[in-house]
Amino acid sequence: MVSAGLLKVAVLLSLAASGALGRSIPMSRRDTAASGFTLTGAAAPDTPLTLKIALTQSNPSGLEDALYDVSTPSSLQYGQHLSKEAAAAYVAPSSETTSAVNSWLQQNGLSATTLTPAGDWISVETTVGQANELLGASYNAYTHDSTGKQVYRTLEYSIPEELESHVAVVHPTVMFPKYSTLSPIVSTRSSKRQQTRADSLYGIPTTPATESSNTLGVTGYGDNWANKADLKSFLSKYRTDISSSTTYSLETLDGGSDPQSSSDAGVEADLDVEYTVGIATGVPVTFLSVGETTNDGELDGFLDTINYYLAQDSPPQTITTSYGDWEPDIDEGMAVNLCNAYAQLGARGVSIMFASGDGGVSGVQSKDCTTFLPEFPSGCPYVTSVGGTTGTNPETAVSFSGGGFSNYWAQPSYQSTVVPEYLKYLGTTYTGLYNASGRGFPDVATQAQDFEIVTGGSAEPVSGTSCASPTFAAIISLLNDELIAAGKSPLGFLNPWLYSTAASALTDITSGNNPGCNTDGFSATTGWDPVTGLGTPVFSKLKTAAGL
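Small disclaimer: the values here were computed from a predicted structure and weren't measured.

As for the sheet that holds strand β3 (residues 48-55)
Each strand in a sheet pairs with its neighbour through backbone hydrogen bonds, running either in the same direction (parallel) or in the opposite one (antiparallel). Reading across from one edge, β4-β5-β3-β9 is the order of the four strands in this open sheet, with antiparallel pairing throughout. The open sheet has two edge strands, β4 (113-114) and β9 (167-171), and neither has a second partner. Bridge count between β4 and strand β5 (residues 121-127): two bridges; the pairing is antiparallel. Looking at the pairing, Thr114 lines up with Ile122 of β5. Its contacts with the sheet put helix α4 (residues 95-107) on β3, β5 and β9, and the angle it makes with β3 is roughly 160°. Sitting on the sheet, helix α10 (residues 332-347) is in contact with β3, β5 and β9, with an inclination near 105° to β9.

This is the structure in structure tokens:
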């Protein structure tokens, strides 16, 4: 007896061989190019084009269950993180899916290269002309107004109806790239020694870490490069107790680099490296410089970054990223796929931090808006979103701290108590401006204003949740160092732990708000709030909550 699945594949192969895959279904479309892009003209048919295709994952709900099993302190499987192969198995496409897609490509004279351990992403080297035929598309050349970079995009695309259950996303198609959508704000007033303030505020130890296997990954994109001379100057000024020669190691992706001329130093990269190396004393820090070989900006960088880490046998136990995008600007299928990739890393024992954005309720940056704009990837429930505070005695929410509720992901189980309490406090305020059933963010916060950095040889103060994410990541990496030294597992995906065992190890921030979209934004209050999350860290209490 032939199974229904095998019969379906046989029929599909037969249709492909006869060229009968004629009827197509639309996958995605947009009316106009993204803001900031100008149509240059039709792309030449012989223009090379690399398509990345996300195949339908076999068991993403199983991955989520496994992630929570190893990340929830009350679970018997807590800390028993999955192997690379076990995590990948949950999202590996079925043999039916792989066969169907490969036969479609072969019928069109194309072949695929597998991009991920799970095989859920493949790439295809083709041309604009072939892609237009393959996808019922019309690729044009568009120029980014402020950078002059050219990209090839179509305003709509489709796939054969028979592949509807096998293909999740094709990229690049309708999503336009973003360039440097989240970067620290250079402050105009005099700086204070923020790193020392973080030490004293949060009780961060300065004794060196001991475990060389415990690493901290910092991601950087485009031409934002870290500078070792700047780091040396920073350490000479603020960490006189350690060698000023302490530095980071470099990894590159997509043609990334790290030139060391002072004129090449990037504010973002210098900030992220200085406040990870400078706070996580003795923890090996790796700077991953992701280039723009495809001129596709940070979105393509996010995809390639997560696939790069997934392919590693031993990825960093802690990763911090100070870049983001507006959630509505990311195709939902792409966003879900990226989020599931973060779940894979989390299930393997990696803690992933993202800055929550610098536009208050308007998202990544201040922007005209009629409804609140959530930030991506902060809306993904499998990452830890870090908001910002300012001041001391007491700390208050900083006004630009991004926060809100996702329109793509529902409220996760770890927020089932705290978010309803906030919604009750909020009442009918802002009804219709946000998704009350969505995943709330940020999860935590740290100081985010007037961080003094050294960049291009000069000291200057900067502000933004770009300051907060590396600070919190440094704290987590120090906890991981102690856990590994004690023969225990690293913390991995943090949120179930933060919202339960570790909730009392955070200082609740109860004042301040995050205006945007012509409103005062959300207000910080007792308990979790979409401005500062659960609050700011107290290292000694987090250490106790981690079982140390």
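Re the pairing of strand β8 (residues 156-160)
Along a regular strand, successive side chains alternate from one face of the sheet to the other. Among the five residues in β8, four count as buried, and that is most of the element. Looking at chain direction, strand β1 (residues 24-29) and β8 are connected through five bridges and run antiparallel. From the neighbouring strand, Arg29 faces β8, where its bridge partner is Glu156.

Description of the packing of helix α2 (residues 60-71) against α10
Running from N to C, α2 and α10 point in directions that differ by 35°, and their axes come no closer than 9 Å. Once α2 is placed against α10, the crossing between them reads as left-handed. Along the contact surface, α2 presents Pro60, Leu63, Leu67 and Val70, while α10 presents Asn340, Ala343, Gln344, Gly346 and Ala347. The residue makeup of the contact of α2 with α10, split by class, is six nonpolar, three polar and no charged.

Regarding the pairing of β3
Along β3, six of the eight residues are buried, which leaves the element largely enclosed by surrounding structure. Relative to β9, β3 is paired through four bridges, and the arrangement is antiparallel. Among the inter-strand pairings, Ile53 is bridged to a residue of β9, identified as Val170.

Some details on the sheet that holds strand β7 (residues 150-153)
Ordered by their spatial adjacency, three strands build an open sheet running β2-β6-β7, and the pairing between neighbours is antiparallel. Because the sheet does not close on itself, it has two edges, and the strands there are β2 (37-42) and β7. Averaged over all neighbouring strand pairs, the angle between strand axes comes to 35°, with direction disregarded. Sheet analysis places β2 next to strand β6 (residues 140-144), joined by five bridges and oriented antiparallel. The residue of β6 that forms the bridge with Thr38 is Thr143.

So, the state of the cysteines
For the structure shown, the criterion picks out two disulfides. What pairs with Cys339 in a disulfide is Cys380, and their sulfur atoms sit 2.0 Å apart. Its torsion about the S-S bond being 80°, the disulfide of Cys339 and Cys380 is classed as right-handed. With Cys339 in helix α10 and Cys380 in the loop between β17 (375-376) and β18 (384-390), this residue pair connects regions lying 41 residues apart in the sequence.

Cut-offs applied
Counting restarts for each chain: residues are numbered from 1 in the order of the written sequence. Given that the model is predicted, a residue must reach a pLDDT of at least 70 before its local features are reported, and side-chain atom pairs must reach 80 or more before they are shown or counted; all residues, however, enter totals for whole chains, interfaces and linings. Note that water and hydrogens are dropped before the side-chain values are worked out from all heavy atoms of the structure. Strand pairing requires that DSSP identify at least two bridges connecting the strands. Strands here are runs of E lasting at least two residues and helices are runs of H or I lasting at least four, both read from the DSSP assignment and numbered beginning at the N terminus. Note on definitions: a residue-residue contact is assigned when non-hydrogen atoms from the two residues lie within 4.5 Å. Axis definition: a line fitted to C-alpha atoms, limited for helices to the stretch in contact. Angles are taken between N-to-C directions and run from 0 to 180 degrees. Only protein chains enter the accessibility calculation, which uses a 1.4 Å probe; a residue whose area is less than 20% of its type maximum is buried, one above 50% is exposed, and one in between is partly exposed. The sense of a crossing depends on the near helix, which, turned anticlockwise from the far helix by less than a right angle, makes the crossing left-handed and, turned clockwise, makes it right-handed. Polar here means any residue outside two lists: the nonpolar Ala, Val, Leu, Ile, Met, Phe, Trp, Tyr, Cys and Pro, and the charged Asp, Glu, Lys and Arg; Gly therefore counts as polar. By convention in this document, the label disulfide applies to cysteine sulfur atom pairs within 2.5 Å.

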